[in-house]
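For reference, the chains in residue letters:
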Amino acid sequence: MSTKKIQKAKPTKLGVKGIQKKPSSKKPEDSMDAMFELAAETFRVMSAPMRLKIINCLCEEEKNVGQLLEEIDTTQPNMSQHLNTLFKAKILGRRREGVQIYYRIINERVVTLCRAVCTQIAIDSEIAHP
């Protein structure tokens, strides 16, 4: 049994400097800019309360549009628009079964992020969180 020494990352702003990165010919500033752009895009997609509700409904299992509409009070066109946005952002995957389209979470990091933020908000504001 070999023992590997684990090197701890130094705490920095947003905890990103001590992370092992793939070798790149880009300047570190370019990599950081790209990372912040991706983070901003994720937050933009997640900024709609309806999309957070959809993600919450899909955390346990895949569902079709009808099942989602039973749990979330909105119109079918509005639901479809938000599902398409989440699909294009590679947060949701989908599959067709007959005439039904089933959606599922394919980006677990987004679920983890949503849970962390919503849990902290619930704690800070004394709102019950499921």
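In case you missed it, the structure is sitting above this.
Residues numbered from 1 in each chain as written. Predicted model: local features only at pLDDT ≥ 70, side-chain atom pairs only at ≥ 80, totals over all residues. Heavy atoms only, no water.

(A) Representation of the sheet that holds strand 2 (residues 92-97) within the structure. Strands sit in the order 1-3-2 across an open sheet of 3 strands; the sheet is antiparallel. The open sheet is flanked by strand 1 (63-64) and strand 2, the only strands paired with a single partner. Sheet strands touched by helix 4 (residues 76-88): strand 2 and strand 3 (100-105). Its angle to strand 2, the strand with the most contacts, is close to 115°. (Pairing = 2+ DSSP bridges. Helix = DSSP H or I, 4+ residues; strand = E, 2+ residues; numbered from the N terminus. Contact = heavy atoms within 4.5 Å. Axes fitted to C-alpha atoms, helices over the stretch in contact; angles between N-to-C directions.)

(B) Representation of helix 5 (residues 108-125) within the structure. Taking 1.5 Å as the rise per residue, helix 5 with 18 residues should run 26 Å; its terminal C-alpha atoms sit 26 Å apart, in good agreement. Turning to helix 5, its buried residues are V110, V111, C114 and A122. One face of helix 5 carries all of its buried residues, which in axial projection span an arc of 100°. Facing away from the buried side of helix 5 by over 90 degrees, the exposed positions are R109, T112, I123 and D124. One side-chain oxygen of the residue at the start of helix 5 lies 3.1 Å from the amide nitrogen of R109, identifying that residue as N107. The positive-phi residue at the C-terminal boundary of helix 5 is E126, with phi of around 60°. (Expected span 1.5 Å × (residues − 1). Buried < 20%, exposed > 50% of the residue type's maximum accessible area, 1.4 Å probe, protein only. Arc of directions from axis to C-beta. Polar contact = N/O pair within 3.5 Å; in protein donor to acceptor, adjacent residues only side chain to side chain.)

(C) View of helix 2 (residues 49-58). Taken residue by residue, helix 2 has M50, R51, I54, I55, C57 and L58 as its buried positions. Along helix 2, the residues classed as buried sweep out an arc of 160° about the axis, all on the same side.

(D) Looking closely at the pairing of strand 3. As paired strands, strand 1 and strand 3 are joined by 2 bridges and run antiparallel to one another. Looking across to strand 3, one finds that N64 is bridged to Y102. Across 6 bridges, the pairing between strand 2 and strand 3 is antiparallel. In the sheet register, G93 faces strand 3, and the bridge partner there is R104.

(E) Region of interest: a nonpolar patch on the surface. On the surface, a nonpolar cluster with roughly 270 Å² of combined accessible area is contributed by V117, I121 and I127. By the element assignment, V117 lies in helix 5. (Patch = residues over 30% accessible without salt bridge, like charges linked within 9 Å, V, L, I, M, F, W, Y side chains within 5 Å. Areas by Shrake-Rupley, 256 points an atom, 1.4 Å probe, with all protein chains shown as cover. Salt bridge = Lys/Arg side-chain N within 4 Å of Asp/Glu carboxyl O.)

(F) Quick peek at the side chain of R51. With respect to the helices and strands, the residue R51 is situated in helix 2. Buried charge without a partner: R51 forms no salt bridge, and the closest opposite charge is E41, 8.0 Å away. Of the polar contacts made by the side chain of R51, one reaches the side chain of H82; its length is 3.1 Å. (Lys, Arg positive; Asp, Glu negative; His and termini not counted.)

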